Every structure is written in structure tokens, then in C-alpha cells.
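Letter by letter, the chains look like this.
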Amino acid sequence: GIVVSSESETRPVGSKVGFICDGGIPGSYAEYIAVDALTNAYPMPPDVPIEDCASFMVNPYTAIGILDTAKREGSTTIVHTAAASQLGQMIN
């Protein structure tokens, strides 16, 4: 997301951040959410499109899970039918 209000010098208004909702509070589909800037908001590179930043937390763990499962099962190949997706690019 993009910071719209902040009292943090490290996460100023306008900066791009990834975030984690705390305590099971839903919010990643909300238009606005309040999180602790120091523990739940993570700076994203300014040159990366916000759409790519949105997949920062989910897709890497999914890719690792798929590859770990394939390895554990003794598979030497996997088939991913959406290879052009963000997830497919991370598995590549």
C-alpha cells in the first residue's frame, strides 16, 4: 500500500509499504488500514510498481511451499499452468 498518514520518520506519507495485519484483524482488502509502522509495515522499493508489491508477502511462500512439497514427494518436475503469473515467475 501507500502510506497516507504517518508519525514515523522511517515510513513517511507517500512511501510504498507491504504490511501484515496484527491479531487476526482483517484488512488487506480494505481501502485503508492502520498498522504499527515499525513492526507491521515493511518498506518496498520505490521503483517497483505497487501491483508487484501487493504480491510481496503471499507468492514467495506459495512458491516455496510448492517446491518443498515436490521435493519431499521425490518429484523431479512440476506443472504450473499459469507460468506467466507472478507465482509462475517466482517458481521459474
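Residues numbered from 1 in each chain as written. Predicted model: local features only at pLDDT ≥ 70, side-chain atom pairs only at ≥ 80, totals over all residues. Heavy atoms only, no water.

Draft legend 1. Focus on the side chain of Arg11. Along the chain, Arg11 falls in the segment before β1 (17-19). No salt bridge forms around the buried Arg11; measuring N to O, its nearest opposite-charge neighbour Asp36 is 8.2 Å away. Reaching out from Arg11, the side chain makes a polar contact with the backbone oxygen of Ala37 at a distance of 3.4 Å. Within the structure, Arg11 has its side chain in polar contact with the backbone oxygen of Ala41 (distance 3.0 Å). (Helix = DSSP H or I, 4+ residues; strand = E, 2+ residues; numbered from the N terminus. Buried < 20%, exposed > 50% of the residue type's maximum accessible area, 1.4 Å probe, protein only. Lys, Arg positive; Asp, Glu negative; His and termini not counted. Salt bridge = Lys/Arg side-chain N within 4 Å of Asp/Glu carboxyl O. Polar contact = N/O pair within 3.5 Å; in protein donor to acceptor, adjacent residues only side chain to side chain.)

Draft legend 2. View of the environment of Ser5. Mapped onto the fold, Ser5 is located in the segment before β1. Since its relative accessible area comes to 63%, Ser5 is described here as exposed. Separated by 29 residues in sequence, Ser5 and Ala34 have C-alpha atoms that sit 9.1 Å apart.

Draft legend 3. Inspection of the side chain of Ser15 at higher detail. In this fold, Ser15 is placed in the segment before β1. Of note is the side chain of Ser15, whose polar atom sits 2.7 Å from the backbone oxygen of Pro12. With near-sequence residues (within four places) excluded, Ser15 lies in contact with Gly1, Ile2 and Val3. (Contact = heavy atoms within 4.5 Å.)

Draft legend 4. Here's a closer look at the environment of Gln86. Mapped onto the fold, Gln86 is located in helix α3 (residues 86-91). Classification of Gln86 as partly exposed rests on a relative accessible area of 37%. In the structure, Gln86 is positioned 26 residues away from Pro60 in sequence and 9.3 Å away in space, judged by C-alpha atoms.

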